[in-house]
Amino acid sequence: MNFRKLIPLYTNPANFDYLHKFTVFTPVYNAESTIERVHQSLLNQNFKDFEWLIINDGSKDKSHEVISKIIEHSPLKINYVNNAKNQHKMACFLQAVNFAKGEFLLTFDADDECVPEALEVFNNEYLSIPSSEKSIVSAVTGLCIDQNGNPIGSKFPTNPYFSNTFKSTAIDKITGEKWGFTKTNVLKGIVFEDEFIHNGFMKEGIIWNLLAKEGFKTKYINKTLRIYHLNVENSISSASKRNTALGSVIQNIVNFNWFFNSYFFKSPIFFLKNLYFLLKSATHLDFQLKNYIDAIDSFIVRFFLIILWPFKRFF
C-alpha cells in the first residue's frame with residue numbers, strides 16, 4: 001500500500017454563501033437511546049441560527065426510527081442523511097463538510113449534551129476576534145466536563161489562548177477532550193483520495209494537524225460548553241486496535257512529515273512517542289517496512305525506524 005495516498009492535502013476553496021451561522025453535525029451509530037438528549041440540548045439553545053445535520057452511519061438498532069420521529073415533531077431545521085452502509089466517522093465528517101449549509105461546522109456526538117448558551121458563546125467569541133486576525137483563525141474551542149461534572153483534561157494556559165492542535169498538544173501539553181467549531185469554508189479546502197476514507201478508522205487529529213500545518217489558528221477558551229458522556233457503548237468511534245491501527249500510523253507519519261524538522265528540539269519526547277506508537281500500531285498490520293519508509297520524509301526518522309523495526313513485537 002502507498003501510505004501517501006492516505007494523507008490529505010489542502011487547497012484554497014471557493015467562497016460559498018451559507019444559509020445558517022452553524023451546522024451542528026451529529027454522526028450516529030446505534031444511538032437509539034441517546035440521540036434524544038442531543039435533540040433536547042439543541043432545543044434549549046439560546047442562539048437559534050443553526051441547522052442540525054444528522055448522518056446515520058448504517059446503524060443496526062432503531063436509530064433511524066427514533067430520528068424519524070424526532071424529525072416529525074421537532075421545530076428544528078433538520079437535514080437527515082441515512083447511510084445504508086457503515087462508512088466510519090471520518091467518512092461521515094467529510095460528508096458533513098459537503099452537506100453543511102452553516103458558516104461554522106460543529107460536531108456534536110450522538111451521546112453527549114451541551115449547555116444552553118453553547119452556540120451563543122461560540123458565536124460571540126468568534127465575533128470578538130480582531131478583524132485583522134479573523135482570516136487565520138479557523139476555529140473556536142472550549143472545555144468539556146463528564147456526565148458527573150468532572151473536568152476532562154487540562155485548562156488552557158491563558159483565556160483566550162491562540163494556538164493550533166499540534167502546538168497545544170505537542171508543545172504546551174494540553175490534554176483531554178475539547179469541543180469547538182471550525183469554519184466550513186476552511187474544511188472545504190481539504191483534498192483527499194478515496195483511500196483516505198475507505199481504509200479503516202482515520203483519526204480526526206490528521207485533519208486538525210493539516211490545518212495547523214497550513215497556518216490556521218484556533219481560539220481556545222476556558223469555558224465549559226459540552227457534557228461528554230464517558231463509557232458509552234456502541235459509539236460511532238469505538239473500534240478494535242486492529243481497526244484503528246492504520247489511522248494511528250497515518251497520524252504518526254504526518255506528524256513526522258509536517259512538524260519534525262521545525263519542532264523536534266522543542267518537543268523531542270513527543271516525536272519519540274510517535275515513533276513508539278507507529279511501531280506498536282505496525283504490529284497490528286500486515287505491511288512491510290518499505291511501506292513505512294516510502295511514506296516518511298525525514299532521513300533521521302527513517303533511520304531509527306529501520307533500526308527498531310526488528311524489535312517492534314516487544315512494543
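What counts and how
Residues numbered from 1 in each chain as written. Predicted model: local features only at pLDDT ≥ 70, side-chain atom pairs only at ≥ 80, totals over all residues. Heavy atoms only, no water. Helix = DSSP H or I, 4+ residues; strand = E, 2+ residues; numbered from the N terminus. Contact = heavy atoms within 4.5 Å. Buried < 20%, exposed > 50% of the residue type's maximum accessible area, 1.4 Å probe, protein only. Right-handed = clockwise from strand over helix to strand, strands pointing away. Pairing = 2+ DSSP bridges. Core = buried A, V, L, I, M, F, W, Y, C linked by side-chain atoms within 4.5 Å. Phe/Tyr/Trp six-rings, centres within 6.5 Å; stacked < 30°, edge-to-face > 60°.

A. Molecular detail of the side chain of Asn209. Relative to the helices and strands, Asn209 is located in helix 8 (residues 204–213). Not counting residues within four places of it along the chain, the set of residues in contact with Asn209 comprises Thr165, Phe166, Gln251, Asn255, Trp258 and Phe259.

B. Local environment of the pairing of strand 3 (residues 50–57). For strand 3, the buried fraction is high: eight of the eight residues fall into the buried class. In the classification by handedness, the crossover that spans strand 2 (residues 20–28), the intervening helix 1 (residues 35–43) and the parallel strand 3 is right-handed. In this sheet, strand 4 (residues 78–83) lies alongside strand 3 in parallel orientation, the contact comprising six bridges. Looking at the pairing, Leu53 lines up with Asn79 of strand 4. With respect to chirality, the unit in which strand 3 leads through helix 2 (residues 63–73) into the neighbouring parallel strand 4 is right-handed.

C. Region of interest: the nonpolar core. Formed by 57 residues in total, the largest nonpolar core has its most connected members in Phe3, Phe93, Ile250, Tyr292 and Leu305. It is helix 9 (residues 241–263) that provides the largest number of residues to this core, a total of eleven residues. Not counting residues within four places of it along the chain, the set of residues in contact with Phe93 comprises Phe25, Leu105, Thr107, Leu187, Ile207 and Trp208. Membership of the second largest hydrophobic core comes to 34 residues, among which are Val28, Ala31, Phe122 and Val140.

D. Structural detail: the packing of aromatic side chains. Tallied over the entire structure, the rule returns 35 aromatic pairs. Between Phe270 and Phe271, the aromatic rings sit 5.2 Å apart at their centres with planes inclined by 90°, giving edge-to-face as the arrangement. A residue is classified by how much of its surface remains accessible, and Phe270, at 19% relative accessible area, is buried. Classification of Phe271 by relative accessible area gives buried; the value is 2%.

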